[in-house]
2 protein chains.
Amino acid sequence: MSKELIFGHQNPDTDAIDAAKAYAYLQTKLGYDVEAVALGELNDETKFVLDYFDEPAPRVISAAKPEVDSVMLVDHNEFQQSVSDIKDVTVTHVVDHHKVGNFETEKPLYMREEPLGCTSTIIYKLFKENNVEVPAKVAGLMLSAIISDTLLLQSPTTTETDRQAVAALAKIANVDYKEYGIKMLKAGTNVDGRSADELVDEDAKSFTMGGKSVRIDQINVVDLQDILKRTDEIKAAMEKASQANGFDLYLVLVTNVLDSNSALIVTGEPKAAAEKAFNGKLDANDVMNLPGVVSRKKQVVPPLTEAME
Amino acid sequence: MSKELIFGHQNPDTDAIDAAKAYAYLQTKLGYDVEAVALGELNDETKFVLDYFDEPAPRVISAAKPEVDSVMLVDHNEFQQSVSDIKDVTVTHVVDHHKVGNFETEKPLYMREEPLGCTSTIIYKLFKENNVEVPAKVAGLMLSAIISDTLLLQSPTTTETDRQAVAALAKIANVDYKEYGIKMLKAGTNVDGRSADELVDEDAKSFTMGGKSVRIDQINVVDLQDILKRTDEIKAAMEKASQANGFDLYLVLVTNVLDSNSALIVTGEPKAAAEKAFNGKLDANDVMNLPGVVSRKKQVVPPLTEAME
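Small disclaimer: the values here were computed from a predicted structure and weren't measured.

Parameters at a glance
Residues numbered from 1 in each chain as written. Chains lettered and ligands numbered in written order. Predicted model: local features only at pLDDT ≥ 70, side-chain atom pairs only at ≥ 80, totals over all residues. Heavy atoms only, no water. Helix = DSSP H or I, 4+ residues; strand = E, 2+ residues; numbered from the N terminus. Contact = heavy atoms within 4.5 Å. Areas by Shrake-Rupley, 256 points an atom, 1.4 Å probe, with all protein chains shown as cover. Lys, Arg positive; Asp, Glu negative; His and termini not counted. Charge placed at Lys NZ, Arg CZ, Asp CG, Glu CD. Buried < 20%, exposed > 50% of the residue type's maximum accessible area, 1.4 Å probe, protein only. Pairing = 2+ DSSP bridges. Axes fitted to C-alpha atoms, helices over the stretch in contact; angles between N-to-C directions. Buried area = accessible area lost by both parts, 1.4 Å probe. Polar contact = N/O pair within 3.5 Å; in protein donor to acceptor, adjacent residues only side chain to side chain. Nonpolar A, V, L, I, M, F, W, Y, C, P; charged D, E, K, R; others polar. UniProt positions renumbered as here; feature names shortened; annotations may be inferred. Least-squares fit on C-alpha atoms with pLDDT ≥ 70 in both. Salt bridge = Lys/Arg side-chain N within 4 Å of Asp/Glu carboxyl O. Phe/Tyr/Trp six-rings, centres within 6.5 Å; stacked < 30°, edge-to-face > 60°.

Enquirer: I keep staring at the overall build of chain A and nothing clicks. Help me out?
Expert: Scanning chain A from N- to C-terminus turns up 11 helices and 10 strands. Taken along the three principal axes of its C-alpha coordinates, chain A extends 65 × 40 × 30 Å. Sequence-distant contacts, at least 24 apart, represent 63% of the contacts inside chain A between residues at least 6 apart. When the accessible area of chain A is evaluated, it comes to approximately 13600 Å², of which 46% is carbon and sulfur surface. Once the 32 positive and 50 negative side-chain charges of chain A are each reduced to a mean point, those two points are 2 Å apart.

This is the structure:
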């Protein structure tokens, strides 16, 4: 059997990396000659995970065919999310938890899709089905991926199977999953090392509402205070960006990914529209709590549009 | 949970029907509200199987949406092989052993593709993974499907997993799988009830070779004598069809699906070309043995074309 590469999607997140590494461990035990690789640089959360469990980062590849004839995909199936030359190699295995599309093979393959919260949950099932013992480090990787994908089992995609896997894997990895998970998510939403200018712009989108130019940014954190303690600095950056780009109203939605609550910081005018939209009052620092709000697209844009028009 | 339909591909074979029925049994045990249905009339082999195990034939449907919002596919995934309105319903589960293509979903689903000889082998694995006991009748259905798809474990698609499943299922169903399997395959290749005119035409294809009109038919059997005992009648039908349609040379390849051997019956001229093509001699009845020949496309057409030109 010739060597195969295993990888997750482009712009890899923790599941894309950890599922590849865990599946490579399992498949090696089952007799395959495989190597886990990555289709891009690791994010801060994944770096934290590999560092914590003292695991090497996978090699980054940009094409598969120069090295191998066949590959195994984890955490994705759609070709546009895969390696650039995916059509030049044979896909022999897929383990994934997404919708299926833009995927085809010339021959029968092993393909395991399940509607669970995380690919690593499926891979944990595969260890059990094949009676392969999970080493503590590999358990730590899979645990991290499930925590990442389900936001510590809070996301609506979380299933009972994910919960059971987290309990079992935390035991094997010998970590307190909540304490560890918060540290890990915090590492992935590390705002301390980023400037206010970066933070207010990185995920910002522009809208036109009631004839005004409105800018709305979202920053994910595990503690709202990570941003709110820098409110003055953030507001200054928002005003600077508004002057430079002609934004009338600037909203920064700071979202706590752990408890699904947000705080809103507002500069520019009409501020009253923001208050009307969310039926609340901005405090002296131009900040308002928005309990239960997590989606810019579904929970911020529609009421603000209505209030502005 | 609302009701879902489970079905195999159009022009159903034994696996398409039996896998649907077995999966419906399993999913019902797992709490789903499902019904196994068929996308076409049963063939003779499948009728024999259901009769043998005293199981009702599934209802034939031509569209799914009038009855349900979601469906489960077995033994196929490509939409063009599925129910006519497949794009109007949600596919929640797929269990299959074919190549994947022309398949997509809007949401994550359960999809289990494995490169095994038969879908029913995968379904037997699912029974075991879910710790659901296989009733004798359901074992008989799955056993029949594996025998059908693998031609009694002879086909090159057969895997060790299929062999193990056959051994285990035969025990549960309490049948001698070889003895039963030959009866079953024989029922599916029942030539006794068909006229010689039908037999020489049903799977016949026309070719032009060396300026002559050549007709080549193939008849699958489990015992070459089923046809060879009717050689005179078959030859008469071949000559009648040649006169009516202007065929110069008519070949009927009778293939034993159990041992991968064939016999060739030839009428018309030049008969010498058939002898030259297969490096043999026709006997007094214009019959020649062709050991190891099973493929018209790969083993008959090329040498005959060469001999004719």
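Enquirer: Is there a simple way to think about the pairing of strand β8 (residues 249–256) of chain A in this case?
Expert: Strand residues, when the strand is regular, have side chains that alternate between the two faces of the sheet. Residues and elements named next belong to chain A. Of all 8 residues that make up β8, 8 are buried, and the element is covered over most of its length. Side chains Leu-249, Leu-251, Leu-253 and Thr-255 project from β8 onto one buried face, and the interleaved Tyr-250, Val-252, Val-254 and Asn-256 project onto a second face that is buried too. Summarising the sheet, strand β7 (residues 212–221) and β8 pair through 8 bridges and their orientation is parallel. Following the sheet pairing, Val-221 is matched in β8 by Asn-256. In this structure, β8 lies alongside strand β9 (residues 261–268), joined through 8 bridges in antiparallel fashion. Its bridge partner being in β9, Tyr-250 is matched across the sheet by Thr-267. A loop of 4 residues connects β8 with β9, the two strands running antiparallel in sequence, and Ser-260 in this loop sits at a positive phi of about 60°.

Enquirer: So what exactly am I meant to see when it comes to the sheet that holds strand β2 (residues 34–36) of chain B here?
Expert: Strand pairs in the sheet, formed through backbone hydrogen bonds, run parallel or antiparallel to each other. Spatially, β2(A)-β1(A)-β3(A)-β4(A)-β5(A)-β5(B)-β4(B)-β3(B)-β1(B)-β2(B) is the arrangement adopted by the 10 strands of the open sheet, whose pairing is mixed. Since the sheet does not close on itself, it has two edges, and those belong to β2 (34–36) of chain A together with β2 of chain B, each with one partner. Along the sheet, successive strands turn relative to each other by an average axial angle of 20°, direction set aside. Where strand β4 (residues 90–96) of chain B meets strand β5 (residues 110–113) of chain B, 4 bridges bridge the pair, whose relative direction is parallel. Across the sheet, Val94(B) pairs through a bridge with Met111(B), a residue of β5(B).

Enquirer: Help me understand the interface of chain B and chain A in this model?
Expert: For interface size, the figure often reported is the accessible area lost on association. Listed by partner, the interface residues are 19 residues for chain B and 19 residues for chain A. Regarding the contact of chain B and chain A, the summed buried area is about 1600 Å², with carbon and sulfur atoms giving 59% of it. Interface area lost by chain B to chain A is led by Val100(B), Pro108(B) and Met111(B), which between them contribute 29%. Remark: the boundary between chain B and chain A carries 4 residue pairs in polar contact (both at pLDDT 80 or more). For the side of chain B that touches chain A, the element with the most residues is β5(B), which contributes 4 residues. Along the lines of polarity and charge, the residues of the side of chain B that touches chain A split into 7 nonpolar, 4 polar and 8 charged. Of the strand pairs in this sheet, strand β5 (residues 110–113) of chain A and β5(B) are connected by 3 bridges, and their pairing is antiparallel. Each bridged residue has a counterpart across the sheet, and for Glu113(A) the counterpart in β5(B) is Met111(B).

Enquirer: How should the side chain of Ser262(B) be read in this particular structure?
Expert: Residues and elements named next belong to chain B. Tracing the sequence through the fold places Ser-262 in strand β9 (residues 261–268). On the basis of relative accessible area, Ser-262 is assigned to the buried category, the value being 2%. Polar side-chain contacts of Ser-262 include one of 2.9 Å to the side chain of Thr-255. Ser-262 has contacts with Leu-224, Leu-253, Val-254, Thr-255, Met-288, Asn-289, Leu-290, Pro-291, Val-293 and Val-294, leaving out every residue within four places of it along the chain.

Enquirer: Help me out: how do you make sense of the UniProt feature "domain: DHHA2" (unreviewed entry) in chain A in this one?
Expert: UniProt annotation of "domain: DHHA2" (unreviewed entry) refers to residues 181–308 of chain A when read in the numbering used here. Helix makes up 42% of residues 181–308 of chain A and strand 27%, with an end-to-end C-alpha separation of 40 Å.

Enquirer: Quick question: what am I supposed to make of the relation of the copies chain B and chain A here?
Expert: Superposition of the two copies of the chain requires a rotation about an axis and a shift along the axis. Between the two copies, chain B and chain A, the superposition gives an RMSD of 0.2 Å; the rotation angle is 179° and the shift along the axis is 0.2 Å. The symmetry that links the two subunits is that of a two-fold axis. Considering only C-alpha atoms, the residue of chain B closest to the rotation axis is Arg112(B), which sits at 2.5 Å. Residue by residue, 100% of the interface of chain B is reproduced at the interface of chain A, so both copies engage with the same surface.

Enquirer: Help me understand the pattern of salt bridges, please; the structure alone is not making it clear to me.
Expert: Pairing between side chains of opposite charge can happen when their charged atoms approach one another. Applying the stated rule across the entire model yields 32 salt bridges over all chains. Among the charged side chains, a salt-bridge network with shared partners connects Lys3(A), Glu35(A), Arg59(A) and Glu67(A).

Enquirer: How do you make sense of the packing of aromatic side chains when you look at a structure like this?
Expert: One pair of aromatic rings is described through two measures. These are the centre distance and the angle between the planes. Residues and elements named next belong to chain B. Scanning the model with the defined rule gives 16 aromatic pairs over all chains in all. Arranged with centres 5.5 Å apart and planes meeting at 70°, the rings of Phe-79 and Phe-103 form a pair that is edge-to-face. Placement of Phe-79 in the loop between β3 (70–74) and β4 and of Phe-103 in the loop between β4 and β5 is noted, with a sequence separation of 24 residues between them. Classification of Phe-79 as buried rests on a relative accessible area of 10%.

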